[in-house]
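Listed below are the residues making up each chain.
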Amino acid sequence: MATTTPAKPVHTTLTADGRRPVDYVWAIARIALGWTFLWAFLDKTFGLGFATTAEKAWLAGGSPTTGFLKGTEENALGGLFTALAGQPWVDWLFMAGLLGVGAALMLGVGLRVAAVAGGLMLMLMWAAALPLTTNPFMDDHIIYTIVLAGLALANAGTTLGLGNLPIIQRNPYLR
C-alpha cells in the first residue's frame, strides 16, 4: 500500500499593504516597459537627440518609421516593410501605438489592450528584422511580447498603478 506525504502549505510573504513581493516586481517591470514605449514616442516626436535628431523629428516633418523600415530592404520581408516606410497612415498608427501602450503601462490601466497592441507592434518589428543576425529566432521583441502578456495576466496595474480604481475594476476591458 502506497503512502503519500501531505503537501506542505505554500508560504507567501505579504507586505504591509497585503501584496506579495512579486506584485512589486511586475509593477516595476510594467513601469519600465511603459517608459520604453513612451520614451520612443517622445524622442521620435520631438527629436531629443537619442535615437532621433531634431531635424528628423516627427514635428519637424520627419517620418518616425522611415529610418527603421528603409533599413529592412535586404531582409526576408524587406519589400513589404520598405513599401510601408514613410506612409503617413503607418506613421500615425505607429506613434499612436507607442503613446497608447506607453501611457497604459505607465498608468496601469488597459493592460489587456496594451499587451495585444504592444505585442503586435513588437512582433511586426521582429518580422521586419528577419533574418536575425545574433540569434536564429529569439530577440528582445519576443521577450518584451512575453513580458506584456505576463503583465496583463498578472493584473500588474493594481500595484503602483491606477488598476484598483472602481471604474477600472467594474469594466474588465479597462484592466
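All figures in this text were calculated on a predicted structure; none of them were measured in a lab. Note on numbering: residues in each chain are counted from 1, in written sequence order. Local features are withheld for residues below a pLDDT of 70 in this predicted model, meaning they are given only at 70 or higher, and side-chain atom pairs are given and counted only at 80 or more; totals for whole chains, interfaces and linings count all residues. As a rule here, side-chain values cover all heavy atoms of the structure and leave hydrogens and water aside.

## Regarding the overall build of the protein
Scanning the protein for helices and strands turns up seven helices and zero strands. A run of H or I in DSSP becomes a helix once it reaches four residues, and a run of E becomes a strand once it reaches two; helices and strands are each numbered from the N terminus. When the helices and strands of the protein are listed from N to C terminus, the series reads α-α-α-α-α-α-α. What the globule rule says is 2.2 Å times the number of residues to the power 0.38, and the radius of gyration is computed from C-alpha atoms. By the compact-globule yardstick of 16 Å for 175 residues, the protein is too spread out, its C-alpha radius of gyration being 20 Å. Here the C-alpha coordinates of the protein stretch approximately 70 × 45 × 30 Å along the principal axes. The criterion used for residue contact is that any of the two residues' heavy atoms lie within 4.5 Å. The contacts of the protein with a sequence gap of at least 6 include a subset with a gap of at least 24, amounting to 59%. Note on areas: these come from Shrake-Rupley sampling with a 1.4 Å probe, and a residue is covered only by the protein chains present in the view. Of the roughly 10,600 Å² of accessible surface on the protein, 70% is carried by carbon and sulfur atoms. His is not counted, nor are the chain ends, whereas Lys and Arg count as positive and Asp and Glu as negative. We put the charge of a Lys on NZ, of an Arg on CZ, of an Asp on CG and of a Glu on CD. Averaging the locations of the 10 positively and 9 negatively charged side chains of the protein gives two centres separated by 16 Å.

## Some words on helix α4 (residues 88-107)
Here a helix's expected span is defined as the number of its residues, less one, multiplied by 1.5 Å. The terminal C-alpha atoms of α4, which comprises 20 residues, lie 28 Å apart, in line with the 28 Å expected from a rise of 1.5 Å per residue. In the core, the buried residues of α4 are packed alongside α1 (21-46), α3 (78-84), α5 (111-128) and α6 (140-153).

## Some thoughts on unusual backbone geometry
Cis geometry is adopted by the peptide bond preceding P131, which originates at L130 and carries an omega value of -5°. In this structure, P131 sits in the loop between α5 and α6. The phi torsion at N155 lies on the positive side, around 55°, for a residue other than glycine. Checked against the element boundaries, N155 lands in the loop between α6 and α7 (166-170).

## Comments concerning the pattern of salt bridges
One speaks of a salt bridge when a side-chain nitrogen belonging to Lys or Arg is within 4 Å of a carboxyl oxygen belonging to Asp or Glu. Across all of its chains, the model carries two salt bridges by this definition. Across the salt bridge formed by R19 and D17, the nearest N and O atoms sit 3.8 Å from each other. A salt bridge links D23 to R20; the shortest N-O distance between them is 2.9 Å. Relative accessible area serves as the criterion here: at 39%, R20 is assigned to the partly exposed category. Exposed residues in this analysis have more than 50% of their type's maximum accessible area, buried residues have under 20%, and partly exposed residues fall in between, with area computed by a 1.4 Å probe over protein chains only.

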